[in-house]
Amino acid sequence: MSKITYLATKDYQDLSQQAASLIIAEIVSNPKAMICLAAGDTPIGTFGELVRMAKDQAVDFSLVTFVSLDEWVGLDGQNEGSCRSYLDKYLYKPLNIKAEQIKFFDGKALDIMGECEKMNAFLAEFGPLNLCLLGIGVNGHLGFNEPYSAFDQNAYVCDLDEITQTVGNKYFKTAYNIKQGITLGLQQILSADKIITIANGDSKQAAVTALRAGVADIACPVTLLNEHQDCYAILFV
Ligand code: GLP
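Residues numbered from 1 in each chain as written. Predicted model: local features only at pLDDT ≥ 70, side-chain atom pairs only at ≥ 80, totals over all residues. Heavy atoms only, no water.

## A few points about the overall build of the chain
Going by this rule: Numbering of helices and strands starts at the N terminus; helices are DSSP runs of H or I of at least 4 residues and strands are runs of E of at least 2. Burial status follows relative accessibility: with a 1.4 Å probe on protein chains alone, a residue under 20% of its type maximum counts as buried, one over 50% as exposed, and anything between as partly exposed. Residue contacts are defined here by distance: any two heavy atoms, one from each residue, within 4.5 Å place the two residues in contact. When charges are counted, Lys and Arg contribute as positive and Asp and Glu as negative, whereas His and the chain ends are disregarded. Where a charge sits is defined by one atom per residue type, namely NZ (Lys), CZ (Arg), CG (Asp) or CD (Glu).
When its secondary structure is counted, the chain shows seven helices and 10 strands. Here the C-alpha coordinates of the chain stretch approximately 40 × 40 × 35 Å along the principal axes. With 237 residues in all, the chain has 55% of them scored as buried. When contacts within the chain are restricted to residue pairs at least 6 apart in sequence, long-range pairs at least 24 apart make up 80% of them. Mean positive and mean negative side-chain charge positions of the chain (18 and 28 charges, respectively) differ by 7 Å.

Written as C-alpha cells, this is what we have:
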C-alpha cells in the first residue's frame, strides 16, 4: 500500500511554502544534509520561499551538500535554461552557496560517462541522499528517468523521450535540439531517506492521476514513489 503523504494545497504559493518548510526542517535537524533539488519551473517558488525562510530564520546552509539531479547533455551553467542555470539563479547565488558544496553534472563534459562515474563514486561513498525534491515530467519522468527506465540504475546518460524534448523547449530561448540527458538513476533517487514531489498545472494531470492510483508502474516513473517509505506529495494540479 502506498505510504505517500499528500499535503493539501490552496495554490502554487502554498505548495511552494510547504515544500520549502520541509526542506528547512531537514536542514535544521541535519545541518550536514546531502540534498538533491530538481531544476525546472515547478521548484522556482519553492526556491524563492527557501531563500526567504533561510534569511528570516537565519538557517545555516554552509554545511549542506547539493547534489545534481539531472542536466541536458551539451549544456552547463553558462547556458540559460540549463538545470544548473536554474539552481544557480534561484538558489545557489541567493543563498551564497560555495562551489565546493555543489556536486553537479557537467552536461558539457567531453567525458560525459566520466561525469556519471564521478557521481556514482561520490554517492557510493557519501550517500544516500538525505532528501530529494522532485518535479514530475509531463510523461511522469523523474529527473530524466523516462518511462521504462531500469529500476536498478545509477547515474547514466539517457535518450530523451519525444515528449521531454518538445516540453524542454520551454526552458530555452535558443533552439538546442537536445536528445540526451544525464541523470541520477532511479535507484539513487529512490534510496533517498526522504522524498518530496511537487507538481503544478494541468499538464501534469495524467502523471498525477497515475501517482494517486497508488500502484508502482515503470510506464510512469513517478508512480514508483508509491513504494517509498517517507515521501510527501505536494500537488496543485
Ligand atoms: C524536467 C527535468 C525534471 C523536472 C521535470 C519537470 O525535464 N528533467 O528534473 O523535474 O522535467 O519540470 P517542470 O517543473 O519545468 O515542469
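Don't stop here, the text continues.
## Comments concerning the sheet that holds strand β6 (residues 131-134)
Put simply, the rule reads: At least two bridges found by DSSP between two strands is the condition for calling them paired.
Across the sheet, seven strands lie side by side as β1-β10-β9-β6-β2-β3-β5; this open sheet has parallel pairing. Whereas interior strands pair on both sides, the edge strands pair on one side only; in this sheet they are β1 (5-7) and β5 (102-103). By the bridge criterion, three bridges tie strand β2 (residues 34-37) to β6 in an arrangement that is parallel. Paired with L37 across the two strands is L133, which belongs to β6.

## Brief notes about the pairing of strand β9 (residues 194-200)
The condition that has to hold: If you view a crossover with the strands going away from you and the path from the first strand over the helix to the second runs clockwise, you call it right-handed.
Burial of β9 is extensive: six of the seven residues sit out of reach of the surface. Judged from the four bridges that link them, β6 and β9 form a sheet pairing that is parallel. Paired with L134 across the bridge in β9 is T197. In this structure, β9 lies alongside strand β10 (residues 231-236), joined through six bridges in parallel fashion. Each bridged residue has a counterpart across the sheet, and for T197 the counterpart in β10 is A233. Considered for its hand, the β-α-β crossover made up of β9, helix α7 (residues 205-212) and β10 is right-handed.

## Examining the side chain of T164
Put simply, the rule reads: For this analysis, a polar contact is any N or O atom pair within 3.5 Å, provided that within protein one partner can donate a hydrogen and the other can accept it, and provided that sequence-adjacent residues contribute only side-chain to side-chain pairs.
Note on placement: T164 falls in helix α5 (residues 162-168). Among the polar contacts listed, one links the side chain of T164 to the side chain of N139, at a separation of 3.5 Å. At 2.7 Å, the side chain of T164 forms a polar contact with the side chain of E146.

## Considering the layout of surface pockets
Using a probe with the size of a water molecule, rolled over the atoms, empty space left in the structure can be pinpointed. So the rule is basically this: Whether a set of points on the 1 Å grid over the protein atoms alone is a cavity depends on a 1.4 Å probe fitting there but being unable to get out, while an open set qualifies as a pocket with protein on both sides within 12 Å along at least five of seven lines; lining residues are those with an atom within 4 Å of a point. Grid points are joined across faces, edges and corners, and a volume is the space filled by probe spheres set on the points. Residues were grouped as follows: Ala, Val, Leu, Ile, Met, Phe, Trp, Tyr, Cys and Pro as nonpolar; Asp, Glu, Lys and Arg as charged; and all remaining residues, including Gly, as polar.
Considered as a void within the structure, the largest pocket measures approximately 460 Å³ in volume. Mapped onto the lining of the largest pocket, the elements with two or more residues apiece are β4 (70-72), α3 (83-92) and α5. Take the lining of the largest pocket: its biggest share by element is four residues, from α5. Here the lining of the largest pocket is composed, by residue class, of 13 nonpolar, 13 polar and four charged. Taken as a whole, the second largest pocket encloses approximately 240 Å³ of empty space. Around the second largest pocket sit 13 residues that line it, and E80, G81, S85, Y86 and K89 are the ones nearest its centre. Looking at side-chain class alone, the lining of the second largest pocket contains four nonpolar, four polar and five charged residues.

## With respect to the site of the ligand
Threshold: We call a residue near a given molecule or strand whenever any one of its heavy atoms falls within 4 Å of it. Calculation of accessible area relied on Shrake-Rupley with a 1.4 Å probe; when residues are assessed, cover is drawn exclusively from the protein chains displayed. Just a note on the criterion: a molecule sits in a pocket or cavity if more than half of its atoms are within 2 Å of the grid points.
Taken together, 15 residues lie around the ligand, and D41, T42, D70, Y171 and K204 are the ones closest in. A distance of 2.8 Å is found between an oxygen atom of the ligand and a backbone nitrogen or oxygen belonging to D41. Taking D70, its side chain carries an N or O atom lying 2.7 Å from a nitrogen atom of the ligand. When isolated, the ligand has an accessible area of 390 Å², and the protein chains bury 95% of it. In this structure, the ligand is accommodated by the largest pocket.

## Some remarks on the packing of aromatic side chains
Where we set the bar: In summary, the pairing rule links any two rings of Phe, Tyr or Trp, Trp by its six-membered ring, whose centres are within 6.5 Å, and it sorts them by plane angle into stacked for under 30 degrees, edge-to-face for over 60 and tilted for everything else. Think of it as a cone above the ring: NZ of Lys or CZ of Arg counts as a charge over the ring if it is within 6 Å of the ring centre and within 35 degrees of the ring normal.
Per the counting criterion, the structure on display carries 10 aromatic pairs. Taking 6.4 Å as the distance between ring centres and 5° as the angle between the ring planes, the aromatic pair formed by F61 and F66 counts as stacked. Among the residues examined, F61 registers a relative accessible area of 6% and is labelled buried. With centroids separated by 6.1 Å and ring planes inclined at 70°, the aromatic side chains of Y171 and F172 adopt a geometry described as edge-to-face. Just as Y171 is buried, F172 falls in that class too. The rings of W72, Y86, Y90, F144, Y171, F172 and Y176 are connected pair by pair, giving a single aromatic cluster. Across the ring face of F104, the terminal group of R84 is positioned such that the distance to the ring centre comes to 5.2 Å.

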